[in-house]
Structure formats: structure tokens, C-alpha cells
Amino acid sequence: MARIIVITSGKGGVGKTTTSASFAAGLALRGHKTVVIDFDVGLRNLDLIMGCERRVVYDIINVINNESSLNQSLIKDKHCDNLYILPASQTRDKDALTLEGVERVINELAKDFEYIVCDSPAGIEKGALTALYFADEAIVVTNPEVASVRDSDRILGLLASKSRRAIENLEPIREHLLVTRYAPERVEKGEMLSVNDVKEILRIPFIGVVPESQAVLQASNSGTPVIHVNGADASDAYKDVVARFLGEDRPHRFLDVQKVGLLKRLFGG
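Remember, it's a predicted structure, so these values are computed and weren't measured experimentally.

Caption draft 1: Examining the pattern of salt bridges more closely. For the coordinates displayed, the defined rule picks out 16 salt bridges. A salt bridge links E137 to R174; the nearest nitrogen and oxygen atoms lie 3.2 Å apart. You can see E137 sitting in strand β6 (residues 137-142) and its partner R174 sitting in strand β7 (residues 174-182), a full 37 residues away along the chain. On the basis of relative accessible area, E137 is assigned to the buried category, the value being 4%.

Caption draft 2: Spatial organisation of helix α1 (residues 16-29). The terminal C-alpha atoms of α1, which comprises 14 residues, lie 19 Å apart, in line with the 20 Å expected from a rise of 1.5 Å per residue. Of all the 14 residues making up α1, 13 are buried; the element is thus mostly covered by neighbouring parts of the structure. Looking one or two places after α1, you find G31, whose phi comes out positive at around 95 degrees.

Caption draft 3: Broad picture of the sheet that holds strand β3 (residues 75-76). Reading across from one edge, β3-β4-β2-β5-β1-β6-β7-β8 is the order of the eight strands in this open sheet, with mixed pairing throughout. Looking at the sheet topology across the chains shown, the edges are occupied by β3 and β8 (206-211). Two elements, strand β1 (residues 3-8) and β6, share four bridges in a ladder whose sense is parallel. Its bridge partner lying in β6, T8 is registered against V140. Against the sheet, helix α7 (residues 146-159) engages β1, β6 and β7, with an angle of about 165 degrees to β6.

Caption draft 4: Representation of the side chain of T17 in the model. On the secondary structure map, T17 appears in helix α1. Those residues within four positions of T17 in sequence are excluded, and the remaining contacts are N45, L46, I49 and D119.

Caption draft 5: Representation of the nonpolar core in the model. In this structure, I5, F23, L109, I116 and L159 are the most contacted members of the largest nonpolar core, which totals 88 residues. Excluding anything up to four places from it in sequence, L109 contacts V35, I37, L70, L74 and I116.

Caption draft 6: How the structure looks around the packing of α1 against helix α12 (residues 233-245). Between α1 and α12, the shortest axis-to-axis distance is 9 Å and the interhelical angle comes to 60 degrees. What the angle tells us is that α1 and α12 run oblique. Between α1 and α12 lies a crossing of right-handed hand. Seen from α1, the contacting residues are T18, T19, S22, F23, G26 and L27; seen from α12, they are Y238, V241, V242 and F245. When its residues are assigned to classes, the contact of α1 with α12 shows six nonpolar, four polar and no charged.

Caption draft 7: The arrangement of helix α5 (residues 99-109) in detail. Turning to α5, its buried residues are G101, V102, V105, I106 and L109. The arc that holds the buried residues of α5, viewed along the axis, is 130 degrees, so those residues lie on one side.

Caption draft 8: Main features of unusual backbone geometry. Despite not being glycine, N66 shows a phi value in the positive range, around 60 degrees. The exposure class assigned to N66 is exposed, which follows from its relative accessible area of 62%. One non-glycine residue with positive phi stands out, namely R181, at about 55 degrees. With respect to the secondary-structure elements, R181 resides in strand β7. Taking relative accessible area as the criterion, R181 reaches 41% and is therefore assigned partly exposed.

Caption draft 9: Main features of the environment of S161. Of note, S161 is situated in the loop between α7 and α8 (164-167). When its relative accessible area of 40% is taken as the criterion, S161 is described as partly exposed. Sequence spacing of S161 and Y133 is 28 residues, and the spatial spacing of their C-alpha atoms is 9.8 Å. What S161 contacts, discounting residues up to four positions off in sequence, is A166 and I167. Polar side-chain contacts of S161 include one of 2.7 Å to the backbone oxygen of G157.

Criteria and cut-off values
Note that residues are indexed from 1 along each chain, following the sequence as it is written. At least 70 in pLDDT is required for a residue's local features to be given in this predicted model, at least 80 for side-chain atom pairs to be given and counted, and no such filter applies to totals for whole chains, interfaces and linings, which use all residues. Hydrogens are left out, water is left out, and the side-chain values use all remaining heavy atoms of the structure. Each salt bridge in this description consists of a side-chain nitrogen of Lys or Arg and a carboxyl oxygen of Asp or Glu lying within 4 Å of one another. Put simply, DSSP H or I for four residues or longer makes a helix, DSSP E for two residues or longer makes a strand, and each gets a number counted from the N terminus. Partly exposed describes any residue whose relative accessible area lies between the buried limit of under 20% and the exposed limit of over 50%, with all areas from a 1.4 Å probe on protein chains only and scaled to the type maximum. By definition here, a helix of n residues has an expected span of 1.5 Å times n minus one. In this scheme, strands are said to pair when DSSP sees at least two bridges between them. Residue contacts are defined here by distance: any two heavy atoms, one from each residue, within 4.5 Å place the two residues in contact. Here, axes are lines fitted to C-alpha atoms. For helices the fit covers the stretch in contact, and angles between N-to-C directions go from 0 to 180 degrees. Nonpolar core, defined: a set of buried Ala, Val, Leu, Ile, Met, Phe, Trp, Tyr and Cys residues in which side-chain atoms within 4.5 Å join the residues together. For classification purposes, an angle smaller than 35 degrees is called roughly parallel, one larger than 145 roughly antiparallel, one from 65 to 115 roughly perpendicular, and anything else oblique. Handedness of a crossing is defined here by the sense of rotation of the near helix relative to the far one, left-handed for an anticlockwise turn of less than a right angle and right-handed for a clockwise turn. In this count, Pro and Cys sit with the nonpolar residues alongside Ala, Val, Leu, Ile, Met, Phe, Trp and Tyr, while Asp, Glu, Lys and Arg are called charged and the others, Gly among them, polar. The arc under discussion is defined with respect to the helix axis, by the directions toward the C-beta atoms. Definition of a polar contact: a pair of N or O atoms within 3.5 Å, with one able to donate and the other able to accept a hydrogen when the atoms are protein atoms, and with sequence-neighbouring residues admitted only if both atoms are side-chain atoms.

Here's what the structure looks like:
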């Protein structure tokens, strides 16, 4: 049976779409047939980060409105054989997303895919609530700053009250905490919250950090999920997150300031 995973947070700009792209790609790279759905109707950024914006002909709203088939709307990823993208619409309103229509799409996808990753828009409006409604698991993405953590706490309340699992009194959504744009040097200076601070506030299982990295921006601008950028810290971080999600025991990295050796201090590099 397919597992439905929502990538969510309350605040915009924390890295949800970046995470959705790299997390879905990571699952596909591990051999799992995966589809990632963009729920940000009206804006649509997932296709840009995944480098398939020119191949979008039909979208999820077309499928919901029976204007195209699901097979016509799915885009095969150019990096992974096991990965497909279902884009959002740029021209429709978020009200075009209906729970009945989304349920039909998800049920059809579940016949062919092991994992269905839902890239949620920011905030708590209809698109975000629809993205989380059917979730079995949630990766709550937050930056190590008070406003972002507070908004993530609000999302945890919605997961516990507005999801189908909550409404039907089923087993709760399995939650995971991901801290993005983390800079241990700034934590030491007191300029951002530590991972322990964030964990203490949100109190959900911690799946990892993604360090602040120029590679993320460069990869996004080139239409490549950063997990494909070999040697980048952010790539290694997302690979660790996927491994932990799949049940592997991986030590947590990127939490501490890297000590610079004598030779590096003398000669740079």
C-alpha cells in the first residue's frame, strides 16, 4: 500500500519545495517508485526545481476536472527512472482543489506508486489543508528561528485535528522534524536557535538538519534537486534524511562547527 507523505510548515521560504524535490528523488534513487505532487495551485514552483517546467502540459486540476487523464499529466523525472511529478496549475484558484478530486487522484496513484509525496504550500489555507488531509506521515520543515518554529507548531495542531486520520480517529500521522538552513557558527554566536531548542519546542521525532548551503540555490536555479549534487553538504544531508526515513540508523551530521586544522588556517582551502 502506498504511503502518503506531506512536506509541510506554516511559514513560507523555509525549504518545503526544495525538500519535496530532494526527498522524493532520494526515495526514487533507493529503488522506490515515487510520485511528488505540487499542491501550490496558482504559483507552481516544484516543476522549476525539478527542471521539467517546459514539459508541463496538464496538471492536477486538469485531472480533477476530468480534462486530462492522470497518465497524460504525470511527468517522468529526467534524473530518476522511479520518479514522476504531478504539477500544480498556474492559472487556477486554490478553490479548484477539492478533497473528493484529490482523493480520486491519490487512490489512482496508489495503485502504481510506493510513495506519494505532497509538496504543501505555505500557510494554513485550503491548499495546505488539502495537502495534509490524506497524509500518513508528515515531514515538518522549519528554519531555526522563532517565527518559523512557532508556525510549525501551528501546523502540528492542524495535523492532529484536521487530517483524515484525526477526523476518523485512526492512528495519528507519523511526524518528523527537519531543520533547514542550519548554521552551527551562527548558533554559537546566539544568532539562531539550536537544534535542541527547536526539538524542545516542537517535541516531535527529529529526522535531521540540512545545512545552509549555496549548493541549494545553485541547484534550484539549474533545475536539479540538490540531492543530485555530489559532494555538497546539503546533498549528503538529504541522503541521510531519506535513509533515516527508511529505517536506517545514521549518525546526525552538520550539527557542530567544523574545526579548521592548522594547515587550512595557514594555507586556506
